[in-house]
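The residues making up each chain are set out below.
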2 protein chains.
Amino acid sequence: MVETGVRTRTRQAILDAAVVVLSRDSSASLSEVAREAGVGRTTLHRYFPERSDLVQAIGTFTLERIAVATDRAKLDVGPAREAVVRLCREYFELLGDVLSLVFTDPQFSSGLDWHEESESDLALLALVRRGHQDGSIDRGLTPEWVQQALWALLYAAWAFVRECGVSRHEALGQCLRSLERMLHPGDQATG
Amino acid sequence: MVETGVRTRTRQAILDAAVVVLSRDSSASLSEVAREAGVGRTTLHRYFPERSDLVQAIGTFTLERIAVATDRAKLDVGPAREAVVRLCREYFELLGDVLSLVFTDPQFSSGLDWHEESESDLALLALVRRGHQDGSIDRGLTPEWVQQALWALLYAAWAFVRECGVSRHEALGQCLRSLERMLHPGDQATG
DNA sequence: CCAAAACGGAACATTCGTGTTCCACTACTG
DNA sequence: CAGTAGTGGAACACGAATGTTCCGTTTTGG
């Protein structure tokens, strides 16, 4: 049961297929996942004995991606608001379909470091606080809310692509512009 | 089989319970829905013979709520941006748990006027275009994107309440502030 | 008060997803 | 070429959800 190249490749194919299928319908059957992966159901069970194993693997997989994105965004460089926007861009590009899963379905975000303990989440919260201090982020928005809104806009951008047939680039543009303006501390009347 | 008061009341109780239960887990069993409604599973099947009937009823129910909210917001009064914010507030207050359903699960928004044909949706799109003309909404944001983002922020606000234990009022405040700033045509550098 | 309406529980058949086992086939590798 | 890892299909048992029927009980309303 060594980690040969074939095994890791098959495993990844199943994982990718699972993300695609389950992001469309989180209660899809394992047969559908296997078919999407171009793999027999038997093989799928060889890699992930139970459904919960597959779900948890997706969760871990996602956490890794998030960590990478957070790292790439270099959150401690430059004004905080710009860093948040960079982070959003990285998320968009690295997460794809996974987004729908973690955002809409609680089953993928349970049983792990989620949601309070994740290092990346804490980094984002700290970043927003820095933005409050350096004046680049509206002090009327709490860090926790910014986090929520960031994910929501990301999901919206992805849905924009899937449902409205907009290009990824166009959707990301609208998303980042919205985020930028949302965070910007303006002199508009306070709601 | 006349429309006695008892029947409508029972039907509504089931519908409400279904929204609560299914918004937590869209693949919950009908037994759970019946229990939440304080009703026997037999009775539930009397009103909604198949699961799909219940799902569709929720869809229709939601459309009605949306129509009411759109009406109350008086979209043709005042600056367009303020009208959008009013609409968002009405949505938040009238939709509650239903939000999670229509937003995350496609099964509730299929088989109806959804999504392209709904009168309320068209009204929102037209409203944004009016905002482009009267200069109250950033011309860099397309009407379709504003629609997506509006729903996303609404969902974020609701999740904020459910997951972070924030008060409805506080969550709505953050949501509306974000929306307002997002739409505002500022003089910030263009992304 | 009495009949009709509405309800709840038990039981049943059916379907579907799941998890498992067994066996034959293919591909790589020494 | 032989052996082994990997695969896929068929078949099976099991449980859960669904949809239906039947019947006794409660509630409603004229």
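How each quantity is defined
Here the residue numbering is sequential within each chain, running from 1 through the sequence in written order. In the order they appear in the text, chains get letters beginning with A and ligands get numbers beginning with 1. Where totals are concerned, whole chains, interfaces and linings use all residues; where local detail is concerned, this predicted model gives features only for residues with pLDDT of at least 70, and gives and counts side-chain atom pairs only at 80 or more. To get the side-chain values, all heavy atoms of the structure are used, and hydrogens and water are removed first. Where each domain begins and ends follows an automated or database-derived domain assignment. Here, residues are in contact when the closest pair of their heavy atoms is within 4.5 Å. Two parts placed together each lose some accessible area under a 1.4 Å probe, and adding up what both lose gives the buried area. Salt bridges, as used here, are contacts in which a Lys or Arg side-chain nitrogen is within 4 Å of a carboxyl oxygen on Asp or Glu. Distance and chemistry together define a polar contact, namely a pair of N or O atoms within 3.5 Å, with one atom able to donate a hydrogen and the other to accept it when in protein, and with adjacent residues in sequence counting only for side-chain atoms on both sides. Helical segments are the DSSP runs of H or I of at least four residues, strand segments are the runs of E of at least two, and each set is numbered from the N terminus. Only protein chains enter the accessibility calculation, which uses a 1.4 Å probe; a residue whose area is less than 20% of its type maximum is buried, one above 50% is exposed, and one in between is partly exposed. Axis geometry follows a simple rule: fit a line to the C-alpha atoms, using only the stretch in contact for helices, then measure angles between N-to-C directions, giving values from 0 to 180 degrees. An angle below 35 degrees is treated as roughly parallel, one above 145 as roughly antiparallel, one from 65 to 115 as roughly perpendicular, and anything else as oblique. Left-handed describes a crossing in which the near helix is turned anticlockwise from the far one by less than a right angle; the clockwise case is right-handed.

To continue, consider the domain arrangement of chain A. Residues and elements named next belong to chain A. One can read the domain layout of chain A as domain 1 (1-49) and domain 2 (58-183). Contact with domain 1, which involves 9 residues of that partner, is made by 10 residues of domain 2. Carbon and sulfur atoms make up 69% of the surface buried where domain 1 meets domain 2, a total of about 750 Å² over both sides. Taken as a group, Val19, Ser23 and Ser26 account for 57% of the area that domain 1 buries against domain 2, more than any other trio of residues on that side. At the boundary of domain 1 with domain 2, the tally comes to 0 salt bridges. Our enumeration of links across domain 1 and domain 2 arrives at 2 residue pairs in polar contact (both at pLDDT 80 or more).

This part takes up the pattern of salt bridges. Under the counting rule described, the total for this entry stands at 10 salt bridges over all chains. In this structure, Asp138 of chain A and Arg181 of chain B form a salt bridge, with 3.2 Å as the shortest nitrogen-oxygen distance. Taken as a pair, Asp138 of chain A in the loop between α7 (119-134) and α8 (143-164) and Arg181 of chain B in helix α9 (residues 168-183) lie in two separate chains rather than in one. Taken individually, Asp138 of chain A and Arg181 of chain B each receive the classification buried, so the pair is uniform in this respect.

All names here are of chain A. Look at helix α5 (residues 80-95) against helix α9 (residues 168-183): their axes get within 10 Å of each other, and the N-to-C directions meet at 155°. If you check the angle between α5 and α9, you find them roughly antiparallel. Considering how the two elements wind past one another, α5 and α9 form a crossing that is right-handed. Residue-level contacts link Arg81, Val84, Val85, Cys88, Arg89, Phe92 and Glu93 of α5 to Arg168, Leu172, Cys175, Leu176, Leu179, Glu180 and Leu183 of α9.

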